[in-house]
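Chains, contacts and geometry: an overview
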Amino acid sequence: MVDKKLAGAGLRGQSAGETALCTVGKTGSGLTYCGYDVKDLADNATFEEVAYLLFNGELPNTEQLQAYKATLLTLRDLPQALKEVLKLIPADAHPMDVMRTGCSFLGNLEPETDFSMQQQAANRLLAAFPAIMCFWYRYSHDGVEIDCVTDEDSLGGHFLKLLNGETPSEQHRRVIDVSLILYAEHEFNASTFTARVCASTLSDMYSCITGAIGSLRGPLHGGANEAAMDMIQKFKSPEDAKEQMAGMLARKEKIMGFGHAIYRESDPRNVIIKQWSEKLAKEHGDTSLYDISVACEEYMWDTKKLFCNADFFHASAYHFMGIPTKLFTPIFVCSRLTGWAAHVMEQRSNNRIIRPSADYIGSEPRKVMPISQR
Ligand SMILES: CC(=O)SCCNC(=O)CCNC(=O)[C@H](O)C(C)(C)COP(=O)(O)OP(=O)(O)OC[C@H]1O[C@@H](n2cnc3c(N)ncnc32)[C@H](O)[C@@H]1OP(=O)(O)O
Ligand SMILES: O=C([O-])CC(=O)C(=O)O
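Just so it is clear, the structure is predicted and the values come from calculations on it, not from any experiment. (Residues numbered from 1 in each chain as written. Chains lettered and ligands numbered in written order. Predicted model: local features only at pLDDT ≥ 70, side-chain atom pairs only at ≥ 80, totals over all residues. Heavy atoms only, no water.)

Topic: the packing of aromatic side chains
The geometry of an aromatic ring pair is captured by the separation of the ring centres together with the interplanar angle, meaning the angle of the planes. Defined as follows: In this analysis, rings of Phe, Tyr and Trp, with Trp reduced to its six-membered ring, are considered paired at centre separations within 6.5 Å, and the interplanar angle assigns stacked below 30 degrees, edge-to-face beyond 60, and tilted for intermediate values. Helical segments are the DSSP runs of H or I of at least four residues, strand segments are the runs of E of at least two, and each set is numbered from the N terminus. Burial status follows relative accessibility: with a 1.4 Å probe on protein chains alone, a residue under 20% of its type maximum counts as buried, one over 50% as exposed, and anything between as partly exposed. Over a ring means this: the NZ of a Lys or the CZ of an Arg is within 6 Å of the ring centre and within 35 degrees of the ring normal.
Under the defined criterion, the tally for this structure stands at 9 aromatic pairs. Ring centres 5.8 Å apart and planes at 55° place the aromatic pair Y290 and F313 in the tilted group. One end of the pair, Y290, is in helix 14 (residues 288-304); the other, F313, is in helix 15 (residues 312-320), and 23 residues separate them in sequence. Taken as a pair, Y290 and F313 share a single burial class, namely buried. A connected cluster of aromatic rings, assembled from ring pairs, spans F258, Y290, F312 and F313. The ring of W276 has K279 lying over it, and the distance from NZ or CZ to the ring centre is 4.2 Å. If you follow R348 out to its NZ or CZ, it ends over the ring of F115, 3.7 Å from the centre.

Structural data, given as structure tokens:
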């Protein structure tokens, strides 16, 4: 993994602090959580183990994992007042706005009044996010008030069961788990940095996470998985994809799901989710969307040396699992909450308010003229 040459706008290449949580573009496949390669974790761990790792710095043993999952299990249901708020949000609302409101409102009901409650607040959001997303979605789209408690052992399985009302297959449970692992943490990305800036003012956990959701929402960040889906669905065939992408590039449009602020040659998460997308395509019985995605990948590399980031093959993978496109970025929230909260805790453990300087490019000093003379 070669480092991208980093310089210029967007604070690129400037260190904005220290972290023990993650490296991006440095060693191994290019992404590590607390020293573990993301591929190793995706192959050999579950999302709950990764959440525990990010919060504690070490992977859990069997007893610790069982205890952690048992804690999360008790925190999955939503307070009635939050359900009532979610019922007020219309079906055409942006689901990331729903997540933002859900997070913020829970912070009103169960505020983090003291930093000794930080792990509790993080656990609560981790356990409740799938229900916040699915309760709103099923109520606003199908008029169904779902039960927010399921017998699914994992958070990924819990989400799929809340969404579909039926027990997910082993393969779907595994894919969603891998996806949650891949999205969990990524150093000082825009949304995590938002959370850390907020934490540096000694604000509460819910405010930090609400702000981070707002940053993740944009199509240059987490919103790209949804935008990639909208794009590939418009392509009729691999040949059509290449033709249309040529037009987009000629018009200087950004191709969503490609490129990265740090990686230069590849995003290590892509190869993992791409393999799962291929498996799911075969299970689905129609591989055309996967074939179109592969054509996009080849075309972008051949013409622009741009590679798929984590978001691109997530689009087809989620689609093959029957997940509505509008829920793609909220799933990212359910996962990245672990990284965000771990960064908030790390910031608090050695805090100085984050307050950079700016290069002034405005007017020279001048006097206020009376309004009648302007
Ligand atoms: C999980 C995540 O958040 S991963 C990121 C998800 N976001 C996307 O997929 C959105 C599409 N991608 C992008 O907009 C960008 O690649 C970003 C925001 C991810 C990174 O931005 P930067 O670090 O500024 O990109 P970078 O410096 O590599 O850009 C180099 C050139 O490639 C172009 N470029 C980069 N990505 C793309 C793209 N996806 N489509 C078309 N052109 C692109 C840039 O416009 C730039 O061209 P220029 O020099 O003529 O201005
Ligand atoms: O690191 C970034 O800039 C964006 C990204 O891939 C992530 O947050 O997962």
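Comments concerning the pattern of salt bridges
Going by this rule: The salt bridge criterion pairs a side-chain nitrogen of Lys or Arg with a carboxyl oxygen of Asp or Glu, the two atoms within 4 Å.
Tallied over the full model, the rule gives 19 salt bridges. The salt bridge partner of D267 is R269, with a shortest N-O separation of 2.8 Å. A residue is classified by how much of its surface remains accessible, and R269, at 5% relative accessible area, is buried. E278 is the salt-bridge partner of K282, the closest N and O atoms lying 3.4 Å from each other. Here E278 and K282 lie together in helix 13 (residues 268-284), a separation of 4 residues that amounts to about one turn. Since its relative accessible area comes to 56%, K282 is described here as exposed. Here E278 falls in the partly exposed class, since its relative accessible area comes to 31%. Where salt bridges share partners, they join E84, K87 and E145 into one cluster.

Considering the nonpolar core
What tends to happen in soluble globular proteins is that the nonpolar side chains get buried as a cluster. Filter applied, for reference: Take the buried residues of types Ala, Val, Leu, Ile, Met, Phe, Trp, Tyr and Cys, join any two whose side-chain atoms come within 4.5 Å, and each joined set is a nonpolar core. Any pair of residues with heavy atoms lying within 4.5 Å of one another is described as a contacting pair.
With 115 residues, the main nonpolar core has Y33, F129, I232 and I323 as its most contacted residues. With 14 residues, helix 6 (residues 118-142) is the single largest residue contributor to this core. Those residues in contact with I232 that sit more than four places away from it in its chain are L289, I292, S293, C296, F312, A315 and S316.

Considering helix 3 (residues 62-73)
The test is simple: Each helix should span, by expectation, one fewer than its residue count multiplied by 1.5 Å. The arc in question is traced by the directions running from the helix axis to the C-beta atoms. For this analysis, a polar contact is any N or O atom pair within 3.5 Å, provided that within protein one partner can donate a hydrogen and the other can accept it, and provided that sequence-adjacent residues contribute only side-chain to side-chain pairs.
Between its terminal C-alpha atoms helix 3 stretches 16 Å, which fits the 16 Å expected from 12 residues at 1.5 Å a residue. Among the residues of helix 3, L65, Y68, K69 and L72 are the ones counted as buried. Summarising the axial view, the buried residues of helix 3 lie within an arc of 95°, below the 170-degree limit, and thus occupy one face. Among the exposed residues of helix 3, those pointing more than 90 degrees away from its buried face are E63 and Q66. Looking at the buried positions of helix 3, the neighbouring elements they touch are helix 2 (47-56), helix 6 and helix 7 (155-164). For helix 3, the capping residue at the N-terminal end is N61, with a side-chain oxygen 3.1 Å from the backbone nitrogen of E63.

Quick notes on the packing of helix 11 (residues 224-234) against helix 15
What counts, and what does not: With axes taken as lines fitted to C-alpha atoms, and helix axes fitted only over the stretch in contact, angles between N-to-C directions fall between 0 and 180 degrees. Each angle gets one of four labels, with under 35 degrees taken as roughly parallel, over 145 as roughly antiparallel, 65 to 115 as roughly perpendicular, and the rest as oblique. The classification used treats Ala, Val, Leu, Ile, Met, Phe, Trp, Tyr, Cys and Pro as nonpolar, Asp, Glu, Lys and Arg as charged, and all other residues, Gly among them, as polar.
One way to put it is that helix 11 packs onto helix 15 with a least axis distance of 8 Å and a crossing angle of 75°. Taken together, the axes of helix 11 and helix 15 lie roughly perpendicular to each other. Contacts between helix 11 and helix 15 involve N225, A228, M229, M231, I232 and Q233 from the first element and F312, A315, S316, Y318 and H319 from the second. For the contact of helix 11 with helix 15, the class distribution of residues is 7 nonpolar, 4 polar and no charged.

Thoughts on the confidence of the model for the protein chain
We apply this condition: A residue's pLDDT is simply how confident the predictor is in it, with values from 0 to 100.
Across the protein chain, the average pLDDT comes to 96, with 98% of residues at 70 or higher. Reported for the predicted complex are a pTM of 0.96 and an ipTM of 0.98.

Focus: the sheet that holds strand 1 (residues 22-24)
The line we're drawing: Being paired, for any two strands, means DSSP has found at least two bridges between them.
Ordered in space as 1-2-3, the 3 strands form an open sheet in which the pairing is antiparallel. The open sheet has two edge strands, strand 1 and strand 3 (36-37), and neither has a second partner.

Focus: helix 16 (residues 328-349)
For clarity, the cut-off: Axes are fitted to the seven residues ending at a residue and to the seven starting at it; the angle between these axes is taken as the bend at that residue.
Over its 22 residues, helix 16 extends 32 Å from the first C-alpha to the last, a length consistent with the 32 Å expected when each residue adds 1.5 Å. The sharpest bend along helix 16 comes to roughly 40°, located at R336. Of all 22 residues making up helix 16, 21 are buried, and the element is well covered by its neighbours.

Observations concerning the side chain of H314
Topologically, H314 is positioned in helix 15. Overall, H314 belongs to the buried group, its relative accessible area being 0%. Polar contacts involving the side chain of H314 include one to the side chain of S179, which spans 2.8 Å. Within the local environment of H314, its side chain forms a polar contact with the side chain of Y183, the two groups lying 3.3 Å apart. Discounting chain neighbours no more than four positions away, the residues touching H314 are S179, L182, Y183 and I273.

Quick notes on the site of ligand 2
Applicable threshold: One heavy atom within 4 Å of a molecule or strand is enough for the residue carrying it to be called near that molecule or strand. Only the protein chains shown count as cover for residues, and all accessible areas are computed by the Shrake-Rupley method using a 1.4 Å probe.
Inspection of the region around ligand 2 gives H186, N189, H221, H260, R269 and R336 as its neighbouring residues. One of the side-chain N or O atoms of H260 is found 2.7 Å from an oxygen atom in ligand 2. Between ligand 2 and R269 there is a distance of 2.7 Å, counted from an oxygen atom to a side-chain nitrogen or oxygen. Within the complex, 83% of the 270 Å² of free accessible area of ligand 2 lies under protein.

Brief notes about the environment of K304
Mapped onto the fold, K304 is located in helix 14. For K304, a relative accessible area of 46% corresponds to the partly exposed category. In this structure the C-alpha to C-alpha distance between K304 and L249, which are 55 residues apart in sequence, comes to 9.2 Å. Those residues within four positions of K304 in sequence are excluded, and the remaining contacts are L249 and Y299.

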